[in-house]
Amino acid sequence: MTPPAVRGRRPVVLVAEPLSPAAISALGPDFDVRHVDGADHDALLVAAPEADALIIRSSTRVDSEVLTAATRLRVVARAGVGLENVDVRAATQHGVMVVNAPTSNIVSAAELAIGLMIAAARHLTTAHASLRAGEWHREPHTGIELYDKTVGIVGLGRIGVLVAQRLAAFGMTVIAYDPYVQAGRAAQAGVRLVDLDTLLAESDFMSVHLPRTPETIGLIGADQLTACKRGLVLVNAARGGIVDECALYDALVSGRVAAAGLDVFAVQPCTDSPLLELDQVVATPHLGAVTVEAQEKAGLAAARSVRQALSGELVPDAVNVQGGTIAEEVRPGIPLVEKLGRIFSGLAGEVAQQVDVEVRGEITSHDVKVLELAALKGVFCDVVGEPVTYVNAPLLAAERGTLVRLVTDPESPDHRNLITLRGTLADGSQVSVSGTLVGIAQRERLVEVNGYDVDLEPTDHLLFATYGDRPGMVGVVGRVLGESEVNIAGMQVARNARGGEALVALSVDGPIPADVLAAIEREIAAHTVRAVDLA
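Residues numbered from 1 in each chain as written. Predicted model: local features only at pLDDT ≥ 70, side-chain atom pairs only at ≥ 80, totals over all residues. Heavy atoms only, no water.

### Some remarks on the overall build of the chain
And then number 1: A count of helices and strands for the chain gives 17 helices and 22 strands.
And then number 2: In terms of overall dimensions, the chain has a C-alpha envelope of 100 × 50 × 35 Å along the principal axes.
And then number 3: Within the chain, buried positions represent 51% of all 535 residues.
And then number 4: Expressed as a percentage of contacts within the chain between residues at least 6 apart in sequence, the contacts between residues at least 24 apart total 64%.
And then number 5: Looking at the chain as shown, the accessible area adds up to about 24,600 Å², and 51% of this sits on carbon and sulfur atoms. (Helix = DSSP H or I, 4+ residues; strand = E, 2+ residues; numbered from the N terminus. Buried < 20%, exposed > 50% of the residue type's maximum accessible area, 1.4 Å probe, protein only. Contact = heavy atoms within 4.5 Å. Areas by Shrake-Rupley, 256 points an atom, 1.4 Å probe, with all protein chains shown as cover.)

### Regarding a negative patch on the surface
And then number 1: The grouping of Asp-37, Asp-40, Asp-42 and Glu-65 at the surface amounts to a negative patch.
And then number 2: Tracing the backbone through its elements, the reader meets Asp-42 in helix α2 (residues 41-47). (Patch = residues over 30% accessible without salt bridge, like charges linked within 9 Å, V, L, I, M, F, W, Y side chains within 5 Å. Salt bridge = Lys/Arg side-chain N within 4 Å of Asp/Glu carboxyl O. Lys, Arg positive; Asp, Glu negative; His and termini not counted. Charge placed at Lys NZ, Arg CZ, Asp CG, Glu CD.)

### Quick word on the sheet that holds strand β5 (residues 97-99)
And then number 1: The sheet built from five strands is open, its strands ordered β2-β1-β3-β4-β5 with parallel pairing. A single partner strand is all that each edge strand has here, and the edge strands are β2 (32-35) and β5. Between one strand and the next, the sheet's axes are offset by a mean angle of 20 degrees, whatever the strand orientation.
And then number 2: With four bridges connecting them, strand β3 (residues 53-56) and strand β4 (residues 75-78) associate as parallel partners. Looking at the pairing, Leu-54 lines up with Val-76 of β4. (Pairing = 2+ DSSP bridges. Axes fitted to C-alpha atoms, helices over the stretch in contact; angles between N-to-C directions.)

### Some remarks on the pairing of strand β20 (residues 488-495)
And then number 1: With seven bridges connecting them, β20 and strand β21 (residues 501-508) associate as antiparallel partners. Across the sheet, Val-493 pairs through a bridge with Val-504, a residue of β21.
And then number 2: Between the end of β20 and the start of β21, which pair antiparallel, lie five residues, with Gly-499 showing a positive phi angle near 80 degrees.

### Examining the pattern of salt bridges
And then number 1: A complete count under the given rule lists 20 salt bridges for this structure.
And then number 2: Salt bridges linked by common partners bring Glu-358, Arg-360 and Arg-422 together as one network.

### A few points about the sheet that holds β20
The strands making up a sheet are joined through hydrogen bonds of the backbone, oriented either antiparallel or parallel.
And then number 1: Read across the sheet, four strands follow the order β20-β21-β19-β22 without closing on themselves; strand pairing throughout is antiparallel. Both edges of this open sheet fall to β20 and β22 (528-533), since each of them pairs with a single strand only. The mean inter-strand angle of the sheet, taken between neighbouring strand axes irrespective of direction, is 15 degrees.

See the structure below:
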């Protein structure tokens with residue numbers, strides 16, 4: 001996975017905030033790594049026009065001004081989770097991929113939530129402060145055990161599941177509220193899924209692990225805290241604003257909520273909240289991802305994503321690519337479909353007015369939207385002069401008036417899975433190419449070209465020619481290529497009827513010069529001759 005040189009130069013990776021030496025090393029020697037103080041917006045604007053990639057953490061603001069200045073930029077990589085400091089919409093409009101490191105801090109965040117829970121339940125901060133003040137008082141710091149209690153997890157995503165698993169080991173009964181999780185999946189994690197009212201009524205402890213969205217802001221408000229089980233210990237190490245801080249203050253003062261552990265606040269930095277005045281509150285300055293291990297993982301993930309993005313690959317952690325989460329069963333088909341797109345354009349010789357991406361077989365039980373993106377990336381890869389990415393491919397199609405449709409069908413009579421690109425050209429004619437993966441090794445095969453059945457590996461150099469079916473034509477093609485020292489690696493011949501039109505499809509070891517193509521066309525009186533180079 002070596003990123004190509006950009007206009008004869010090494011791609012520039014602009015590092016706007018400190019990364020570990022391991023993360024810098026992970027970029028490798030293929031890049032020109034430069035540094036800038038991302039917190040200095042003016043300095044960032046000066047450096048941005050040279051950048052092909054930008055790596056940031058939380059202090060760098062990537063707004064429309066930066067994106068407009070960064071005319072070469074192809075990817076913004078956040079070495080962390082949150083993207084509040086990136087204008088994702090503007091990045092998408094500029095064709096810039098935005099990636100983060102969604103799993104880099106999940107263990108750290110889960111462990112901090114549990115640490116806050118224990119600290120709040122056992123009054124560790126007030127006990128510590130008392131002892132440092134020269135006092136030895138035990139009874140005022142009497143706490144409660146986690147064992148044999150019920151904990152309610154609000155949000156059963158990656159971090160919520162980790163917290164649930166760890167608290168189960170404490171001997172707790174774990175319940176959860178998450179309207180987007182199926183009960184069966186929760187049961188696999190040993191969790192009983194309930195509605196929010198039930199969770200509030202049954203929970204001795206509650207830990208919040210939801211993203212901050214318009215739907216979740218204020219989700220735990222005055223009504224919920226009034227309805228909760230008296231003596232609740234509440235932890236929020238997710239995002240500020242999900243728990244109404246004024247309502248939480250009132251619930252703590254009234255004793256309805258016994259204690260709280262908070263790592264996040266509605267407005268940050270936060271140093272003057274009334275909550276910080278309460279002894280029942282254990283608070284930290286958003287330390288969920290602040291561990292040596294999480295920072296290292298985030299930097300390494302950002303470096304890997306930059307390498308993938310600048311190599312033209314699909315980045316699984318891209319947040320503004322329409323493909324969504326990629327199932328393992330779908331992933332092997334992505335390179336094949338991109339090749340099909342390039343072959344399609346080579347056969348068409350022009351931009352199609354409509355392209356249908358037809359996916360058939362078992363694979364359709366998963367989200368296959370990413371295959372549409374891969375097809376478009378391939379279709380436009382050799383057509384436009386600018387780099388084609390999974391972000392801007394749909395924009396390129398829209399700009400050129402190409403209508404794109406994804407068609408799925410679980411039935412595939414001849415192959416376990418089959419992907420076909422079928423398009424209509426300006427004169428109404430149709431072009432199609434189909435491929436599949438075969439065997440345990442998932443080998444790529446072309447199985448159809450413009451209605452002709454073939455069985456050919458899509459190697460770097462391909463030739464397709466149609467002609468009137470008559471004896472000796474295959475030999476002529478072989479002779480012309482042989483005289484030009486172009487070696488044939490594989491060949492397929494198909495026809496629509498005896499004496500009708502035939503197709504010869506070849507894979508060869510190197511590019512075929514234009515004069516050789518012209519000679520083949522002339523000597524077999526070919527209707528069409530198309531060479532496709534995938535190298």
